[in-house]
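What follows is the residue order along each chain.
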Amino acid sequence: MPLRCELFVKEMLPSIRKELSKILYDNYKMSQEEIADKLSITQSAVSQYLKGIRGKSYFEFDQEDKIILIKMSELLKNDKNIKLIDLQSMLCQLCEKRYKYVKCYIKV
């Protein structure tokens, strides 16, 4: 059985990056280069997320998920005040909700 983090990285992280890219691009008018820098990915990856080439969802984000994603985008936009532990805990919230049937060995 795969570890929860393996499932998260394979299935969920691309969808999260896609949603964060869209929020940062549409709502905050950030350039693809700025988004790439914030997410530690390439500009071409951001372009593919925005075009829907990458990040095809295995699932839909519900309203509760979207609130978490918006909070994450606000932290990324204002990176002067960003705390990695805050982002990590939000990612873990999304993961916990999706993969509660798989034991997690990492606790934030």
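Everything below is about the structure shown above.
Okay, so let's go over this structure. Worth saying up front: this structure is predicted, and the values here are computed from it rather than measured.

1. Description of the side chain of Ser 21
With respect to the helices and strands, the residue Ser 21 is situated in helix 1 (residues 4-26). Among all residues touching Ser 21, those that are not within four sequence positions of it are Ile 35, Leu 39, Val 46, Tyr 49 and Leu 50.

2. Topic: the packing of aromatic side chains
Counted under the stated rule, the structure contains 1 aromatic pair. Ring geometry for Tyr 99 and Tyr 101: centres 6.4 Å apart, planes at 65°, overall edge-to-face.

3. Digging into the packing of helix 1 against helix 3 (residues 43-51)
Look at helix 1 against helix 3: their axes get within 9 Å of each other, and the N-to-C directions meet at 90°. Of the possible angle classes, the one that applies to helix 1 and helix 3 is roughly perpendicular. On the side of helix 1, the interface is formed by Pro 14, Arg 17, Lys 18, Ser 21, Lys 22 and Tyr 25, while helix 3 contributes Val 46, Tyr 49 and Leu 50. The residue inventory of the contact of helix 1 with helix 3, partitioned by class, reads 5 nonpolar, 1 polar and 3 charged.

4. Examining the packing of helix 2 (residues 32-39) against helix 3
The description of two packed helices rests on the angle between their axes and on the distance between the axes. Viewed as axis vectors pointing N to C, helix 2 and helix 3 meet at an angle of 105°, and their least axial separation amounts to 8 Å. As judged from the angle between their axes, helix 2 and helix 3 are roughly perpendicular. On helix 3, the residues touching Gln 32, Glu 33, Ile 35 and Ala 36 of helix 2 are Gln 43, Val 46, Ser 47 and Leu 50. Here the contact of helix 2 with helix 3 is built from residues that sort into 4 nonpolar, 3 polar and 1 charged.

5. With respect to the pattern of salt bridges
Taken as a whole, this structure holds 5 salt bridges when the rule is applied. As a salt-bridge pair, Lys 97 and Asp 62 come within 2.4 Å of each other at their nearest N and O atoms. Note that Lys 97 is positioned in helix 5 (residues 84-98) and Asp 62 in the loop between helix 3 and helix 4 (63-77), a separation of 35 residues in sequence. When salt bridges that share partners are traced, they join Asp 62, Asp 65, Lys 97 and Arg 98 into one network.

6. Considerations on the state of the cysteines
All chains considered together, the criterion is met by 0 disulfides. In this structure Cys 95 is not part of a disulfide, and its nearest cysteine sulfur, from Cys 5, lies 6.1 Å away.

7. A look at the nonpolar core
Core analysis: the biggest nonpolar cluster contains 29 residues, and Phe 8, Met 12, Ile 16, Leu 20, Leu 69, Met 72 and Leu 94 have the highest contact counts within it. Mapped onto this core, the elements with two or more residues apiece are helix 1, helix 2, helix 3, helix 4 and helix 5. For this core, the leading source of residues is helix 1, giving 8 residues. Look past the residues within four positions of Ile 16 in its chain and what remains in contact with it is Phe 8, Phe 61, Leu 69, Leu 91 and Leu 94.

Cut-off values and rules
- Residues numbered from 1 in each chain as written.
- Predicted model: local features only at pLDDT ≥ 70, side-chain atom pairs only at ≥ 80, totals over all residues.
- Heavy atoms only, no water.
- Helix = DSSP H or I, 4+ residues; strand = E, 2+ residues; numbered from the N terminus.
- Contact = heavy atoms within 4.5 Å.
- Phe/Tyr/Trp six-rings, centres within 6.5 Å; stacked < 30°, edge-to-face > 60°.
- Axes fitted to C-alpha atoms, helices over the stretch in contact; angles between N-to-C directions.
- Parallel < 35°, antiparallel > 145°, perpendicular 65-115°, else oblique.
- Nonpolar A, V, L, I, M, F, W, Y, C, P; charged D, E, K, R; others polar.
- Salt bridge = Lys/Arg side-chain N within 4 Å of Asp/Glu carboxyl O.
- Disulfide = S-S within 2.5 Å.
- Core = buried A, V, L, I, M, F, W, Y, C linked by side-chain atoms within 4.5 Å.
- Buried < 20%, exposed > 50% of the residue type's maximum accessible area, 1.4 Å probe, protein only.

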